[in-house]
Amino acid sequence: MKNSALKGALGALAVVGVALIAKKAIQRKRFIKGIFDEYGIKEKSPFGLADKIREMNDEEYQDLKGKFKKEFASKCCRKENICEA
């Protein structure tokens, strides 16, 4: 009985983990779609994005780069979040 309860708890935890990963993937896909729409990129591929970047001036490129850094930055290992012991 004990082993069965443990398997059930681990199964439920796995389902929650998969749901969180799927949610994050959907958010990132929405972000990428928004970038394509905002910059008028018709070809929905990395090559279309690269072509658009080649056409951008430096200011537009820095703006786009900042958006990507903000969206895809790791939120777990920032210096200001480290607890001092």
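Residues numbered from 1 in each chain as written. Predicted model: local features only at pLDDT ≥ 70, side-chain atom pairs only at ≥ 80, totals over all residues. Heavy atoms only, no water.

Asker: Would you mind going over the UniProt feature "transmembrane region" (unreviewed entry) in the protein chain with me for this structure?
Answerer: Listed under "transmembrane region" (unreviewed entry) in the UniProt record, and renumbered for this structure, are residues 6-22. Between the end C-alpha atoms of residues 6-22 there is a gap of 24 Å, over a span that is 100% helix and 0% strand. (UniProt positions renumbered as here; feature names shortened; annotations may be inferred. Helix = DSSP H or I, 4+ residues; strand = E, 2+ residues; numbered from the N terminus.)

Asker: What exactly am I supposed to notice about a nonpolar patch on the surface here?
Answerer: Taken together, the side chains of L6, L10 and L13 present a nonpolar region at the surface, about 310 Å² in accessible area. Tracing the backbone through its elements, the reader meets L6 in helix α1 (residues 2-38). Owing to a relative accessible area of 49%, L6 belongs among the partly exposed residues under this scheme. (Patch = residues over 30% accessible without salt bridge, like charges linked within 9 Å, V, L, I, M, F, W, Y side chains within 5 Å. Areas by Shrake-Rupley, 256 points an atom, 1.4 Å probe, with all protein chains shown as cover. Salt bridge = Lys/Arg side-chain N within 4 Å of Asp/Glu carboxyl O. Buried < 20%, exposed > 50% of the residue type's maximum accessible area, 1.4 Å probe, protein only.)

Asker: In this structure, what is going on with the pattern of salt bridges? I would like to understand it.
Answerer: Scanning all chains against the criterion turns up 4 salt bridges. Salt-bridge contacts for D51 lead to R54; the nearest nitrogen and oxygen are separated by 2.5 Å. One end of the pair is D51 and the other is R54, both in helix α2 (residues 46-55) and 3 residues apart, which spans about a single turn. Owing to a relative accessible area of 63%, R54 belongs among the exposed residues under this scheme. A salt bridge links K67 to D63; the shortest N-O distance between them is 3.7 Å. Highlighted residues: K67 and D63, both in helix α3 (residues 58-72), separated by 4 residues, approximately one helical turn. A relative accessible area of 23% means that K67 is categorised as partly exposed. Salt bridges sharing partners connect three or more residues here, namely E38, D63 and K67.

Asker: Can you help me understand the packing of aromatic side chains in this one?
Answerer: Within a pair of aromatic rings, the relevant descriptors are the distance that separates the centres and the angle that separates the planes. Applying the stated criterion across every chain, the model contains 3 aromatic pairs. Geometrically, the ring pair formed by F31 and F72 is edge-to-face, given 5.7 Å between the ring centres and 80° between the ring planes. Of this pair, F31 sits in helix α1 while F72 sits in helix α3, and the two are 41 residues apart along the sequence. An angle of 15° between the planes, with centres 5.9 Å apart, marks the rings of F68 and F72 as stacked. Note that F68 and F72 are positioned in helix α3 at a spacing of 4 residues, about one turn of the helix. Given the relative accessible area of 32%, F72 is considered partly exposed. Chaining the aromatic ring pairs together yields one cluster made of F31, F68 and F72. (Phe/Tyr/Trp six-rings, centres within 6.5 Å; stacked < 30°, edge-to-face > 60°.)

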